[in-house]
Amino acid sequence: MNKSLQEEMDRLLTPWLPKQYETMRNEFAMNGRDTEYSPDNKMSILRELERKKRMISAASAPGKCRYLCKFCKKNGESERVYISHNLKDDNGLILCPILRNYTCPHCHASGDRAHTVKYCSLPRYYY
């Protein structure tokens, strides 16, 4: 929107907006969720916020990264499983216990260099 148009709209509409409405609108813009308060869902919301705080603090800690195994997530594992580890370490070695146990049927790689057939480095005409 044109800046001068936005300024004009703000000038015209601001006196008509109650201060409380403006505060609520800003809060909603910050958290992105609109939910009715209910004592029943208060605990689930608090647990969700705590989980997000833990993930953010783990991600922001120096030298640490947020745990998330894309392999497990893509394969439908529960959230508890796929947020418990990373797929690879900083050197590219496999950390995922499920993928580490898999052996590529084409090149027989497993462990640190485990991969699925889709990511096998052997040219397709070898298999």
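Basis of the calculations
- Residues numbered from 1 in each chain as written.
- Predicted model: local features only at pLDDT ≥ 70, side-chain atom pairs only at ≥ 80, totals over all residues.
- Heavy atoms only, no water.
- Helix = DSSP H or I, 4+ residues; strand = E, 2+ residues; numbered from the N terminus.
- Buried < 20%, exposed > 50% of the residue type's maximum accessible area, 1.4 Å probe, protein only.
- Contact = heavy atoms within 4.5 Å.
- Areas by Shrake-Rupley, 256 points an atom, 1.4 Å probe, with all protein chains shown as cover.
- Core = buried A, V, L, I, M, F, W, Y, C linked by side-chain atoms within 4.5 Å.
- Polar contact = N/O pair within 3.5 Å; in protein donor to acceptor, adjacent residues only side chain to side chain.
- pLDDT = per-residue confidence, 0-100.
- Disulfide = S-S within 2.5 Å.

**Student:** Quick rundown of the overall build of the chain? Include the residues and the values.
**Tutor:** When helices and strands are tallied, the chain shows six helices and zero strands. Listing each helix as α and each strand as β along the chain from the N terminus yields α-α-α-α-α-α. Counting over 127 residues, the chain shows a buried share of 13%. The long-range share in the chain, meaning contacts at least 24 apart out of those at least 6 apart in sequence, stands at 11%. As displayed, the chain has an accessible area near 10800 Å², and 56% of this comes from carbon and sulfur atoms.

**Student:** Please set out the nonpolar core residue by residue, giving values where relevant.
**Tutor:** The biggest cluster of nonpolar side chains holds eight residues, and these are Cys69, Phe71, Cys72, Tyr82, Ile94, Cys96, Leu99 and Ala114. In contact with alanine 114, not counting residues within four places along its chain, are Ile94, Leu99, Arg100, Tyr102 and Ala109.

**Student:** Just give me the short version of the environment of serine 84, but keep the residues and values in it.
**Tutor:** Its place among the elements puts serine 84 in the loop between helix H5 (79-82) and helix H6 (97-101). Note on serine 84: relative accessible area 45%, which makes it partly exposed. Sequence separation between serine 84 and leucine 68 is 16 residues; the distance between their C-alpha atoms is 7.0 Å. A polar contact is formed between the side chain of serine 84 and the backbone oxygen of valine 81, at a distance of 2.6 Å.

**Student:** With reference to specific residues and values, describe unusual backbone geometry.
**Tutor:** Positioned with a positive phi, histidine 108 is a non-glycine residue whose angle comes to about 65°. Tracing the backbone shows histidine 108 in the segment after H6. Taking relative accessible area as the criterion, histidine 108 reaches 57% and is therefore assigned exposed.

**Student:** Describe the confidence of the model for the chain, and please don't skip the residues or the numbers.
**Tutor:** Per-residue confidence for the chain averages 75 on the pLDDT scale, and 56% of its residues sit at or above 70. The lowest-confidence element of the chain is helix H2 (residues 19-31), averaging 64 in pLDDT; the highest-confidence one is H6, averaging 94.

**Student:** Explain the side chain of asparagine 86 to me, and be specific about the residues and the numbers.
**Tutor:** Following the sequence through the fold, asparagine 86 ends up in the loop between H5 and H6. Given the relative accessible area of 11%, asparagine 86 is considered buried. Polar side-chain contacts of asparagine 86 include one of 3.1 Å to the backbone nitrogen of leucine 68.

**Student:** Let's hear about the state of the cysteines: which residues, and what values?
**Tutor:** By the definition in use, this model includes zero disulfides. Its sulfur unpaired, cysteine 72 is 3.6 Å from the next cysteine sulfur, which belongs to cysteine 96. Here cysteine 120 is not disulfide-linked; the sulfur of cysteine 104 is the nearest cysteine sulfur, at 3.7 Å.

**Student:** Could you give an account of the side chain of histidine 85, naming the residues involved and the relevant values?
**Tutor:** Within the fold, histidine 85 resides in the loop between H5 and H6. Given the relative accessible area of 10%, histidine 85 is considered buried. Within the local environment of histidine 85, its side chain forms a polar contact with the backbone oxygen of valine 81, the two atoms lying 3.4 Å apart. Separated by 3.0 Å, the side chains of histidine 85 and serine 84 make a polar contact. Excluding anything up to four places from it in sequence, histidine 85 contacts Tyr67, Leu68, Cys69, Cys72, Cys96 and Pro97.

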